[in-house]
Structures are given as C-alpha cells and as structure tokens.
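Overview (structure and organization)
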Amino acid sequence: MSSILKVDEIQDTSGNNIINENANTITIGKSGDTVNLASGATAGFGKVLQVVSATDSTNRSTTSTSYVTGSSTLSVNITPSSTSSKVLIYLSCMLYIPSSFGRLTIFRDSTDLAPVGGFATTDGNADYYATSGIHFLDSPSTTSQITYQMRFKSGAGTQTDIANASALGSITAFEVGA
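All of the points below concern the structure found in this document. No experiment lies behind these values; they were computed from the predicted model shown.

Procedures and definitions
Counting from 1, residues in each chain are numbered in the order their sequence is written. Where totals are concerned, whole chains, interfaces and linings use all residues; where local detail is concerned, this predicted model gives features only for residues with pLDDT of at least 70, and gives and counts side-chain atom pairs only at 80 or more. Excluded from the side-chain calculations are hydrogens and water; all other atoms, namely the structure's heavy atoms, are used. Secondary structure elements are defined from DSSP: runs of H or I of at least 4 residues count as helices, runs of E of at least 2 residues count as strands, and each element is numbered from the N terminus. In what follows, a contact means two residues having at least one pair of non-hydrogen atoms within 4.5 Å. Two strands form a pair only when DSSP identifies at least two bridges running between them. We define a nonpolar core as any set of buried Ala, Val, Leu, Ile, Met, Phe, Trp, Tyr and Cys residues linked to one another through side-chain atoms lying within 4.5 Å. Exposure categories follow from relative accessible area, calculated using a 1.4 Å probe and restricted to protein chains: below 20% of the type maximum is buried, above 50% is exposed, and the middle band is partly exposed.

1. Notes on the environment of Leu74
Of note, Leu74 is situated in the loop between strand S5 (60-62) and strand S6 (75-78). When the C-alpha positions of Leu74 and Ser57 are compared, they lie 9.5 Å apart, and in sequence the two are 17 residues distant. Not counting residues up to four positions away in its chain, the partners in contact with Leu74 are Ala54, Thr55, Asp56, Leu91, Cys93, Tyr148, Gln149, Met150, Gly169, Ser170 and Ile171.

2. Focus: the pairing of strand S2 (residues 17-22)
Summarising the sheet, strand S1 (residues 9-11) and S2 pair through three bridges and their orientation is antiparallel. Across the sheet, Ile10 pairs through a bridge with Ile19, a residue of S2. Taking the residues that link successive antiparallel strands as the turn, the S1-S2 hairpin has five residues, and the phi of Gly15 there is positive, at about 90°. The turn linking S2 back onto strand S3 (residues 25-28) is made up of two residues, and Ala23 within it adopts a positive phi angle of 55°.

3. Some details on the nonpolar core
Leu91, Leu104, Tyr148 and Ile171 are the most contacted members of the largest nonpolar core, which totals 22 residues. For this core, the elements supplying multiple residues, two or more each, are S6, strand S7 (86-97), strand S8 (101-108), strand S11 (128-138), strand S12 (146-154) and strand S14 (169-176). For this core, the element with the most residues is S7, which contributes six residues.

The analysis is restricted to geometry; functional conclusions fall outside its scope.
Below, the structure is given as structure tokens:
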C-alpha cells in the first residue's frame, strides 16, 4: 500500500515557509538561509561536469604584432551540456621575450577573451623568461562545440617565444554546472 502527501507549502513551527512549490519551481528557504545536505547527498549545481586538456612542448616563435597560434597544439574543444554552464580555463606555458614585450591570451573560437591587451609582460632589461599563466571563467552560453586556444604576439615586432627550451605548456578547460 502506498500513500501520497500533497502540499504546496511546508512551514516550521513559527509559521515560516521552509519549502514552497509554485509553477513547478520548488523554493527551499529564503534569501540568506543556509541549506545543508545530508552526508552522501548531492546537489545538481556547481559540479565539474567535464574536463579536457592538451599539452605542447614545441618551441613556437613569432615577430607578428597580431595574435598567432604558431601551429600550437595548446587548444581544446569542449561542448557544454547546458547554456547556463561556465567554462574555467587554465593556461600555463613558458614565455621568452629577448627584447621589448609580448602578449599572451586565450581565444574562444575567434573571440579574444582579453581584448584589452591580453596578458602583457616585459622586463626593464628587455629579457624575460618565465612560466606564465592565465585563469579565466567564461560564460559561453551555448551547447555547441567551442574551441579554446592559446595565442600570442610580439608587442613591437620583435621575437617572442612560447615553450622555449621544450618547457611543457598546458591548457585545461573545466565545464562547471550552474
């Protein structure tokens, strides 16, 4: 024998609504309340849904003042499962600039995610050699496949290198459920 309990609201002993259903939306608590889940229980939000990663250790060099990939394999494809998903991108690579300055950025397909100037670096002695990293939280609002790719350029038409001396570069994209 089974029983069904049908209610639109559940209140605490003070008469405050703690669970409310309206138009197929269940509201638990009110703004500012803390909702605790029992040990072992899970929620369907804020989870890492998928992870894709790529690495590259080949030296890439450019004197271009426009962003180039330099045939880099620091590129990942990801297909978000929902338009409300976020994508967290981690990029790390060796950057070598023997003179002037260079810039490093991440593109989503053909869109520069840091259009104001990317990650810029320079050294007063015009000789910079270090691991550089970018972390970016993107809101692509799509369920179509997208490509995230590292691109770099020279700031003044002088040599700029990626993964110099075969240092390993990596790019990782994490889809995070909303």
